[in-house]
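Here are the chains, one letter per residue:
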Amino acid sequence: MKLLIKTKSVSPFMFHAMICGVIFFGIALYHWYFPVSYNYFLTEDSWGEYGTFVSYVLAGILMAGAIKNDPDLRRPGYILFGLGLLFIAMEEISWGQRIFGFHTPYSLAKNNYQSELSLHNVSAISARTILNWGIFIWAVLLPVISREFQPLKVLMEKAGIPLASTELIPYFVLGLLLNIYRIFAASGEVAEFMFSLLFAFFAGEIYYKIYRNIHPAGMARGRYFLTLTLVLILTTIFFVKL
């Protein structure tokens with residue numbers, strides 16, 4: 001998702017960094033003044049978890065649509081990126097275990113923090129550390145280095161590895177800070193939800209560019225992202241009420 005903000009005094013990066021500051025203090029105020037609803041939204045099988053799941057599914061579907069409609073994206077990086085988004089989505093809901101009510105095999109349950117059918121809660125795997133390093137390398141390190149080191153940028157393009165725009169970096173950094181330092185109660189869940197939204201809109205931007213190439217007179221950007229947001233909200237409500 002590339003948001004273009006043109007001002008004479010503030011760069012786009014700094015503008016989005018300031019927005020991140022507002023988001024941070026908004027989360028802090030909500031956590032301190034409305035702790036009951038804050039915890040309710042972040043409990044298992046509630047808005048935060050299903051919102052994260054829906055966002056990753058939406059991101060995966062958008063990537064699949066982009067790859068289907070643009071042969072140039074049929075490269076390892078884009079394909080693995082899309083599959084990775086769908087994998088994380090299914091991990092978030094333990095592959096549908098609580099929805100469909102099936103049991104966890106004993107061999108997995110005995111090594112799982114929550115006795116669920118998921119890999120990210122297996123005691124031998126530090127999934128949060130892997131996620132943090134993966135996002136730091138992909139969303140922060142690679143975009144910065146590739147802009148200064150052309151051979152790396154060329155390699156990324158050949159492999160088909162999509163890189164986050166400069167404007168997205170502050171949001172990913174905020175998510176990493178929340179996920180690593182646990183500044184608030186359940187701030188890790190807040191970070192996971194934030195990451196999922198960022199990936200959804202990042203994939204949405206990729207799909208939108210291809211959509212407009214195919215349909216030059218198609219849906220305007222604002223209406224397109226508003227539609228994605230409504231789909232995300234309504235689908236999340238469906239799963240919460242399921």
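Residues numbered from 1 in each chain as written. Predicted model: local features only at pLDDT ≥ 70, side-chain atom pairs only at ≥ 80, totals over all residues. Heavy atoms only, no water.

Participant: When you look at the overall build of the protein in this model, what are you seeing that I'm missing?
Facilitator: Check the secondary structure of the protein and you find 11 helices and zero strands. Starting at the N terminus and walking to the C terminus, you meet the elements of the protein as α-α-α-α-α-α-α-α-α-α-α. Considering the protein as a whole, with its 242 residues, one finds that 42% of them fall into the buried category. Residue pairs at least 24 apart in sequence account for 62% of intrachain contacts in the protein once pairs closer than 6 positions are excluded. Summing over all exposed atoms, the protein offers an accessible surface of approximately 13500 Å²; the carbon and sulfur share of this is 71%. (Helix = DSSP H or I, 4+ residues; strand = E, 2+ residues; numbered from the N terminus. Buried < 20%, exposed > 50% of the residue type's maximum accessible area, 1.4 Å probe, protein only. Contact = heavy atoms within 4.5 Å. Areas by Shrake-Rupley, 256 points an atom, 1.4 Å probe, with all protein chains shown as cover.)

Participant: How should unusual backbone geometry be read in this particular structure?
Facilitator: Only a minority of non-glycine residues have a phi that is not negative, and only a minority of peptide bonds are not trans. Positive phi, normally seen in glycine, also occurs at Arg182, with a value near 50 degrees. Among the structural elements, Arg182 can be located in the loop between helix 9 (169–181) and helix 10 (187–214). The exposure class assigned to Arg182 is partly exposed, which follows from its relative accessible area of 41%. Even without being a glycine, Ala186 presents a positive backbone phi close to 60 degrees.

Participant: Explanation requested: the packing of helix 1 (residues 12–33) against helix 2 (residues 35–42) in the structure shown.
Facilitator: How two helices pack is summed up by the angle between their axes together with the distance between the axes. Here helix 1 crosses helix 2 at 110 degrees, and the two axes come no closer than 5 Å. In this view, helix 1 runs roughly perpendicular relative to helix 2, as classed from their interaxial angle. Seen from helix 1, the contacting residues are Ile27, Tyr30, His31, Trp32 and Tyr33; seen from helix 2, they are Pro35, Ser37, Tyr38 and Phe41. Each residue belonging to the contact of helix 1 with helix 2 can be placed in one class, and the counts come to seven nonpolar, two polar and no charged. (Axes fitted to C-alpha atoms, helices over the stretch in contact; angles between N-to-C directions. Parallel < 35°, antiparallel > 145°, perpendicular 65-115°, else oblique. Nonpolar A, V, L, I, M, F, W, Y, C, P; charged D, E, K, R; others polar.)

Participant: What should I look at first to understand the layout of surface pockets in this one?
Facilitator: Empty space among the atoms becomes visible once a probe the size of a water molecule is rolled across them. Counted as a void, the second largest pocket has a volume near 650 Å³. In this structure, the second largest pocket is lined by 25 residues; those nearest its centre are Tyr78, Pro162, Leu163, Phe202 and Lys209. Of all elements in the fold, only helix 7 (127–148), helix 8 (150–159) and helix 10 reach the threshold of two or more residues within the lining of the second largest pocket. In terms of residues, the lining of the second largest pocket owes the most to one element, helix 10, which gives six residues. Here the lining of the second largest pocket is composed, by residue class, of 11 nonpolar, five polar and nine charged. (1 Å grid on protein atoms, 1.4 Å probe; cavity = no way out; pocket = protein on both sides within 12 Å on 5 of 7 lines; lining within 4 Å. Points joined across faces, edges and corners; volume = space filled by probe spheres on them.)

Participant: Honestly, the nonpolar core in this entry has me stumped. Any pointers?
Facilitator: For soluble globular proteins, the rule of thumb is that nonpolar side chains tend to be buried together. Counting 54 residues, the largest nonpolar core has Trp138, Phe172, Leu178, Phe195, Phe199 and Ile206 as the members making the most contacts within it. For this core, the secondary structure elements donating two or more residues are helix 1, helix 2, helix 3 (47–69), helix 4 (76–92), helix 7, helix 9, helix 10 and helix 11 (221–241). Among the elements that make up this core, the one with the highest residue count is helix 10 (14 residues). Not counting residues up to four positions away in its chain, the partners in contact with Ile206 are Met63, Ala66, Leu73, Tyr78 and Pro162. (Core = buried A, V, L, I, M, F, W, Y, C linked by side-chain atoms within 4.5 Å.)

Participant: Honestly, the packing of aromatic side chains in this entry has me stumped. Any pointers?
Facilitator: Each aromatic ring pair is characterised by the separation of its centres together with the angle its planes make. Taken as a whole, this structure holds 25 aromatic pairs when the rule is applied. Measuring from ring centre to ring centre gives 6.1 Å for Trp133 and Phe136, while their planes differ by 85 degrees; the resulting arrangement is edge-to-face. Of this pair, Trp133 and Phe136 both sit in helix 7, three residues apart, roughly one helical turn. Three or more aromatic residues joined by ring pairs make a cluster, and in this case those are Tyr56, Phe81, Trp138, Phe172, Phe195, Phe199 and Phe202. (Phe/Tyr/Trp six-rings, centres within 6.5 Å; stacked < 30°, edge-to-face > 60°.)

Participant: Where do I start with the side chain of Ser46 in this structure?
Facilitator: Checked against the element boundaries, Ser46 lands in the loop between helix 2 and helix 3. Residue Ser46 is classed as buried on the basis of its relative accessible area of 3%. Those residues in contact with Ser46, other than ones at most four positions away along the chain, are Tyr40, Phe41 and Val240.

Participant: Teacher, can you tell me more about the packing of helix 7 against helix 9 here?
Facilitator: Direction vectors running N to C along helix 7 and helix 9 enclose 155 degrees, while the axes themselves pass 10 Å from each other. When the axes of helix 7 and helix 9 are compared, the pair comes out roughly antiparallel. In terms of crossing hand, the pair formed by helix 7 and helix 9 is left-handed. Contacts between helix 7 and helix 9 involve Arg128, Leu131, Asn132, Ile135, Phe136, Trp138, Ala139, Val140, Pro143 and Val144 from the first element and Ile169, Phe172, Val173, Leu176, Asn179 and Ile180 from the second. For the contact of helix 7 with helix 9, a count of residues per class yields 13 nonpolar, two polar and one charged. (Left-handed = near helix turned anticlockwise from the far one by under 90°.)

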